[in-house]
Amino acid sequence: MFLTLIVGLFLLEIYEPVRQAIILPFTGLIASSSSWLMQIFDSNVIANGDVIRDAITGDAIQIAPGCNGVEAMIILLAAIIAFPAPLLYKLKGLFWGFLAIQALNMVRIISLFYLLQWDQVWFEWFHLYLWQALIILDALVVWLIWLRYLPKPQSSTSNKETLDAAYAVNETDH
């Protein structure tokens, strides 16, 4: 089920009508939200669509598909949906997972924006290697934390009680 969901959701993500109607507007929202946070401390930051720019230097980053946290969310969604758990817990996991992934992604975008202004080499290294891995790792960590909060399956008797009962039956036969 996990692999079917992964393949299906990734195909859906690149399907042009979905990309135009959902992915690109969401990416613009991420850019706007990130620039709003930066404007609290830096009034030179402006956002236009999926581009965040420094008004003085002209340095800019574009949040492309693949840099918007959607892929990490797809992985988390597939893992949570495929795992046997009550629906309410799945919904809670998806809600908190979405927040965690997007919060870290905003940190990523903001750090990359300022890294670009500081040093192109460091920007490339962080963008291509460090942050890509950390966002996917974030999805895995969220899933593992979600697993810890799932209710434990209830059985009518514990394994120890079952073994004790079986042992008692064997003793009475002797």
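Residues numbered from 1 in each chain as written. Predicted model: local features only at pLDDT ≥ 70, side-chain atom pairs only at ≥ 80, totals over all residues. Heavy atoms only, no water.

Caption draft 1: Focus on the overall build of the chain. The helix and strand tally for the chain stands at 6 helices and 3 strands. Counting from the amino terminus, helix and strand elements in the chain follow one another as α-α-β-β-β-α-α-α-α. Each of the 174 residues in the chain was classed as buried or not, and the buried ones make up 32%. Here the contacts in the chain between residues at least 6 apart in sequence split such that 64% fall between residues at least 24 apart. Within the structure as shown, the chain displays about 11100 Å² of accessible surface, and the carbon and sulfur contribution to it stands at 70%. (Helix = DSSP H or I, 4+ residues; strand = E, 2+ residues; numbered from the N terminus. Buried < 20%, exposed > 50% of the residue type's maximum accessible area, 1.4 Å probe, protein only. Contact = heavy atoms within 4.5 Å. Areas by Shrake-Rupley, 256 points an atom, 1.4 Å probe, with all protein chains shown as cover.)

Caption draft 2: Representation of the packing of helix H4 (residues 87–118) against helix H5 (residues 120–148). Packing of H4 against H5 brings their axes to within 10 Å, and their N-to-C directions diverge by 165°. Compared by their axis directions, H4 and H5 come out roughly antiparallel. In this structure, H4 meets H5 at a crossing whose hand is right-handed. Counted by class, the contact of H4 with H5 contains 18 nonpolar, 7 polar and 3 charged residues. (Axes fitted to C-alpha atoms, helices over the stretch in contact; angles between N-to-C directions. Parallel < 35°, antiparallel > 145°, perpendicular 65-115°, else oblique. Left-handed = near helix turned anticlockwise from the far one by under 90°. Nonpolar A, V, L, I, M, F, W, Y, C, P; charged D, E, K, R; others polar.)

Caption draft 3: Seen up close, the pairing of strand E1 (residues 45–48). Relative to strand E2 (residues 51–54), E1 runs antiparallel, the two sharing 4 bridges. Across the sheet, the residue bridging to Val 45 is Asp 54, located in E2. As consecutive antiparallel partners, E1 and E2 are separated by 2 residues, and within that stretch Gly 49 has a phi angle of approximately 65°, a positive value. (Pairing = 2+ DSSP bridges.)

Caption draft 4: Just the side chain of Lys 90, in detail. Mapping Lys 90 onto the fold places it in helix H4. For Lys 90, which is buried and forms no salt bridge, the nearest opposite charge comes from Asp 138, at a distance of 20 Å. Apart from the residues lying within four places of it in its own chain, the contact partners of Lys 90 are Ile 80, Ile 81, Phe 83, Ala 85 and Trp 146. (Lys, Arg positive; Asp, Glu negative; His and termini not counted. Salt bridge = Lys/Arg side-chain N within 4 Å of Asp/Glu carboxyl O.)

Caption draft 5: Focus on the sheet that holds E1. If you trace the 3 strands from one edge of the open sheet to the other, you get E1-E2-E3, paired in antiparallel fashion. The open sheet terminates on both sides in strands that have one partner only, identified here as E1 and strand E3 (60–62). Strand-to-strand, the axes of this sheet are offset by a mean angle of 15°, without reference to chain direction. Two elements, E2 and E3, share 3 bridges in a ladder whose sense is antiparallel. Paired with Arg 53 across the two strands is Ala 60, which belongs to E3.

Caption draft 6: Spatial organisation of the layout of surface pockets. Here the largest pocket is characterised by a volume of approximately 290 Å³. Lining the largest pocket we find 14 residues, and of these Ile 22, Ile 23, Val 70, Met 73 and Ile 74 sit closest to its centre. Among the secondary structure elements, those contributing two or more residues to the lining of the largest pocket are helix H1 (2–14), helix H2 (16–39), helix H3 (70–82) and H4. Of the residues contributing to the lining of the largest pocket, the split by class is 11 nonpolar, 2 polar and 1 charged. (1 Å grid on protein atoms, 1.4 Å probe; cavity = no way out; pocket = protein on both sides within 12 Å on 5 of 7 lines; lining within 4 Å. Points joined across faces, edges and corners; volume = space filled by probe spheres on them.)

Caption draft 7: Expanded view of the nonpolar core. If you look at the biggest cluster of nonpolar residues, it comprises 31 residues, and the most contacted ones within it are Ile 52, Ile 61, Ile 63 and Leu 76. Mapped by element, the contributors of at least two residues to this core are H2, H3, H4 and H5. With residues near it in sequence (within four places) discarded, Leu 76 still touches Gly 93, Gly 97, Ile 101, Ala 139, Val 142 and Trp 143. (Core = buried A, V, L, I, M, F, W, Y, C linked by side-chain atoms within 4.5 Å.)

Caption draft 8: How the structure looks around H2. With 24 residues, H2 ought to run about 34 Å at 1.5 Å a step, and its terminal C-alpha atoms sit 32 Å apart, in line with that. When the local axis directions of H2 are compared, the greatest deviation, roughly 30°, occurs at Ile 23, which is followed within four positions by the proline Pro 25. Every buried residue of H2 is accounted for by Val 18, Ile 23, Phe 26, Thr 27, Gly 28, Ile 30, Ala 31, Ser 34, Ser 35 and Met 38. Of the surrounding elements, those touching the buried residues of H2 are H1, E1, E2, H3 and H4. (Expected span 1.5 Å × (residues − 1). Bend = angle between axes of the 7 residues up to and from the residue.)

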